[in-house]
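Descriptive analysis of the structure
Next come the chains, spelled out residue by residue.
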Amino acid sequence: MEDTRNIKGQRITLNNRGEGTITGVLAVISFDPNEILLETEQGMLLIKGNQLNVTKLTLDKGEVAIDGRVDSFTYSDMKSGVKSENGFFERLFK
């Protein structure tokens, strides 16, 4: 069966694991110095690292700029509004 969702493009640019930009962002769900959780056109995106900051947020353009040390990017097809008996992060990484 063909996937007929209208998915827009997304670009992640990361310079020296320290600063970068992400396009196709719908919402910033949460962030702290160790994790940034974004809802994007491609699904939920979890960014892990150290001393992470959201330095610029332009939701009308769907862009987020970050800095800090990035260790990983992890995608999930989950949407942020999904409710379940399990915790959000448990559902995110199933």
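This structure is a prediction, so every number in the text was calculated from the model and none was measured.

1. Here we look at the overall build of the chain
Scanning the chain for helices and strands turns up one helix and six strands. Listing the helices and strands of the chain from first to last along the sequence gives β-β-β-β-β-β-α. In the chain, once contacts between residues fewer than 6 apart in sequence are set aside, the share between residues at least 24 apart is 45%. Surface exposure of the chain reaches about 6,300 Å², of which carbon and sulfur atoms provide 46%.

2. Quick look at the nonpolar core
I22, V25, I36, L38, L45, I47, L52, V64, I66 and V70 form the largest nonpolar core, which has 10 residues in total. At the level of secondary structure, the elements contributing two or more residues to this core comprise β4 (35–40), β5 (43–58) and β6 (63–76). Excluding anything up to four places from it in sequence, I36 contacts S30, F31, L45, L46, I47, L52, N53, V54 and I66.

3. A short note on the environment of T21
Tracing the chain through its elements places T21 in strand β2 (residues 19–23). It is 9.7 Å that separates the C-alpha atoms of T21 and V54, two residues lying 33 residues apart in sequence.

4. Comments concerning the pattern of salt bridges
Scanning all chains against the criterion turns up three salt bridges. With a shortest N-O distance of 2.8 Å, R17 and D71 are connected by a salt bridge. Linking R17 in the loop between β1 (12–15) and β2 with D71 in strand β6, this pair joins segments that are 54 residues apart in sequence. Overall, the relative accessible area of 38% leaves R17 in the partly exposed class.

5. Concerning the pairing of β5
Looking at chain direction, β4 and β5 are connected through six bridges and run antiparallel. In the sheet register, T40 faces β5, and the bridge partner there is G43. In textbook terms, the turn of a hairpin is the stretch between consecutive antiparallel strands, and for β4 and β5 this stretch comprises two residues. In this structure, β5 lies alongside β6, joined through 12 bridges in antiparallel fashion. Across the sheet, L57 pairs through a bridge with V64, a residue of β6. Between β5 and the antiparallel strand that follows it, β6, lie four residues; G62 among them carries a positive phi value of about 70°.

6. Remarks on the sheet that holds β5
An order of β1-β2-β6-β5-β4-β3 is seen for the six strands of this open sheet, with the pairing classed as antiparallel. Every other strand in the sheet has two partners, leaving β1 and β3 (25–31) as the edge strands with one partner each. The mean inter-strand angle of the sheet, taken between neighbouring strand axes irrespective of direction, is 35°.

Each value, and the rule that gives it
Residues numbered from 1 in each chain as written. Predicted model: local features only at pLDDT ≥ 70, side-chain atom pairs only at ≥ 80, totals over all residues. Heavy atoms only, no water. Helix = DSSP H or I, 4+ residues; strand = E, 2+ residues; numbered from the N terminus. Contact = heavy atoms within 4.5 Å. Areas by Shrake-Rupley, 256 points an atom, 1.4 Å probe, with all protein chains shown as cover. Core = buried A, V, L, I, M, F, W, Y, C linked by side-chain atoms within 4.5 Å. Buried < 20%, exposed > 50% of the residue type's maximum accessible area, 1.4 Å probe, protein only. Salt bridge = Lys/Arg side-chain N within 4 Å of Asp/Glu carboxyl O. Pairing = 2+ DSSP bridges. Axes fitted to C-alpha atoms, helices over the stretch in contact; angles between N-to-C directions.

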